[in-house]
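One-letter residues, chain by chain:
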Amino acid sequence: MKSVLMKAAIASSITIGATFAGVAEAQISFTGVDSTWSNSQCSSFFCNIDENVDIFGFNSIRYGTPIDSVIGFRDDGPATAGFGEVFRIGTLGFFNTADFTNILETADLNLTLEFASPNGLLAGLDFVANVSQNGLAPDSLDITPWFDSLVTTDAAGQKYKVSVGFADVPIEVDFFQTETREVFAKVETIPEPALMLGLGAVAAGLLAQKCSRKEAA
């Protein structure tokens, strides 16, 4: 019986080792991120808001009168990384003007990450931008949550955990100044149940080997 367990453990070890080696060597191929602003709310009924406007490569919300303030997101893809490694996906920007009456308060931001590898992997996460302007510089732009993650699958049904984080928020900006912050992501593999069973077989085999050595002694 112990011999059978040992053989099973060795076979499982070889299979699992090959699986982890494949994961370690695999590269994530990030192609880009699609950003969408929605549900903008302003402090004034007469505030002018334009959502999803391209301004210097940033998908932006432009608001205020007579001079516009702007918050925006820029796609910085493509990028490659290993599983578990952090890589940059974009840049968050805030251009602040001295408009105290027509102030953007909140807006929703959806980021949908697209990948060439793993094949067919998509990850859509939702955030809220909160702007604080009280007439005294600097004003601030915060993102909530500043870090979030979800579990999604590729075209083959393999599960992955995709995380996105905004660095160094909130952003504080003086009047007529611009500040930017980098946005990062990480993709982690989630072991399949068969792999976990294999690990259990390895543990059983090692335990049998330990018991065999004790009896021999």
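On a predicted model such as this, the values are computed, not experimentally measured, just so you know. (Residues numbered from 1 in each chain as written. Predicted model: local features only at pLDDT ≥ 70, side-chain atom pairs only at ≥ 80, totals over all residues. Heavy atoms only, no water.)

**Re the layout of surface pockets**
Looking at the largest pocket, its volume works out to about 170 Å³. In terms of lining residues, the largest pocket is bounded by Ile55, Phe56, Phe58, Ser60, Val70, Ile71, Gly72, Gly93, Phe94, Phe95, Thr178 and Thr180. Looking at the lining of the largest pocket, the elements with two or more residues in it are β3 (58–63), β4 (69–75), β6 (86–96) and β13 (177–189). Among the residues forming the lining of the largest pocket, the class breakdown is seven nonpolar, five polar and no charged. (1 Å grid on protein atoms, 1.4 Å probe; cavity = no way out; pocket = protein on both sides within 12 Å on 5 of 7 lines; lining within 4 Å. Points joined across faces, edges and corners; volume = space filled by probe spheres on them. Helix = DSSP H or I, 4+ residues; strand = E, 2+ residues; numbered from the N terminus. Nonpolar A, V, L, I, M, F, W, Y, C, P; charged D, E, K, R; others polar.)

**A few points about the sheet that holds strand β5 (residues 79–82)**
In spatial order, the strands read β5-β1-β7-β8-β9-β12; together these six strands make up an open sheet with antiparallel pairing. On the outer flanks of this sheet lie β5 and β12 (171–173), each paired with one strand and no other. Each strand of the sheet is rotated relative to its neighbour by a mean of 30 degrees, with strand direction disregarded. (Pairing = 2+ DSSP bridges. Axes fitted to C-alpha atoms, helices over the stretch in contact; angles between N-to-C directions.)

**Describing the sheet that holds β3**
Spatially, β2-β3-β4-β6-β13-β11-β10 is the arrangement adopted by the seven strands of the open sheet, whose pairing is antiparallel. Pairing within the sheet leaves two strands with one partner each, and these edge strands are β2 (49–55) and β10 (147–153). Geometrically, the sheet is characterised by an average inter-axis angle of 20 degrees between neighbouring strands, direction not taken into account. Sheet topology note: the β3/β4 ladder contains five bridges and is antiparallel. In the sheet register, Tyr63 faces β4, and the bridge partner there is Ser69.

**Describing the pattern of salt bridges**
Evaluation of the coordinates by the stated rule reveals six salt bridges. For Arg62, the salt bridge identified is with Asp68, shortest N-O distance 3.7 Å. Across the pair Arg88 and Glu182 runs a salt bridge, and its minimum N-O distance is 2.7 Å. You can see Arg88 sitting in strand β6 and its partner Glu182 sitting in strand β13, a full 94 residues away along the chain. Three or more residues are tied together by salt bridges with common partners; here these are Arg74, Asp76, Arg88 and Glu182. (Salt bridge = Lys/Arg side-chain N within 4 Å of Asp/Glu carboxyl O.)

**Quick look at the nonpolar core**
If you look at the biggest cluster of nonpolar residues, it comprises 40 residues, and the most contacted ones within it are Phe87, Leu111, Leu113, Val164 and Phe166. With six residues, the single largest contributor to this core is strand β7 (residues 104–117). The residues touching Phe87, leaving out its near neighbours within four places in the chain, are Phe30, Ala79, Ala81, Phe115, Val183, Phe184, Ala185, Lys186 and Val187. (Core = buried A, V, L, I, M, F, W, Y, C linked by side-chain atoms within 4.5 Å. Buried < 20%, exposed > 50% of the residue type's maximum accessible area, 1.4 Å probe, protein only. Contact = heavy atoms within 4.5 Å.)

**Remarks on unusual backbone geometry**
Residue Pro78 follows Gly77 across a cis peptide bond; omega there is 5 degrees. Along the chain, Pro78 falls in the loop between β4 and β5. Omega for the bond connecting Thr144 with Pro145 falls within 30 degrees of zero, at -15 degrees, which places this linkage in the cis form. Inspection of the secondary structure puts Pro145 in the loop between β9 (139–144) and β10. One non-glycine residue, Phe56, lies in positive phi territory at about 55 degrees. Inspection of the secondary structure puts Phe56 in the loop between β2 and β3. The class for Phe56 is exposed, based on a relative accessible area of 80%.

**Remarks on the pairing of β2**
The two faces of a sheet get side chains in turn, since along a regular strand they alternate between them. When β2 meets β3, the two strands line up antiparallel, connected through five bridges. The residue of β3 that forms the bridge with Asp50 is Arg62. Between the antiparallel neighbours β2 and β3 lie two residues, among them Phe56 with a positive phi of about 55 degrees.

**Examining the packing of aromatic side chains**
If you walk through the whole model with that rule in mind, you get five aromatic pairs. Seen in terms of ring centroids, Phe127 and Phe166 are 5.0 Å apart; in terms of plane orientation they differ by 75 degrees. Their pairing is edge-to-face. Here Phe166 lies in strand β11 (residues 159–166) and Phe127 lies in strand β8 (residues 122–132), a separation of 39 residues in the sequence. Members of the aromatic cluster, connected to one another through ring pairs, are Phe30, Phe87 and Phe115. (Phe/Tyr/Trp six-rings, centres within 6.5 Å; stacked < 30°, edge-to-face > 60°.)

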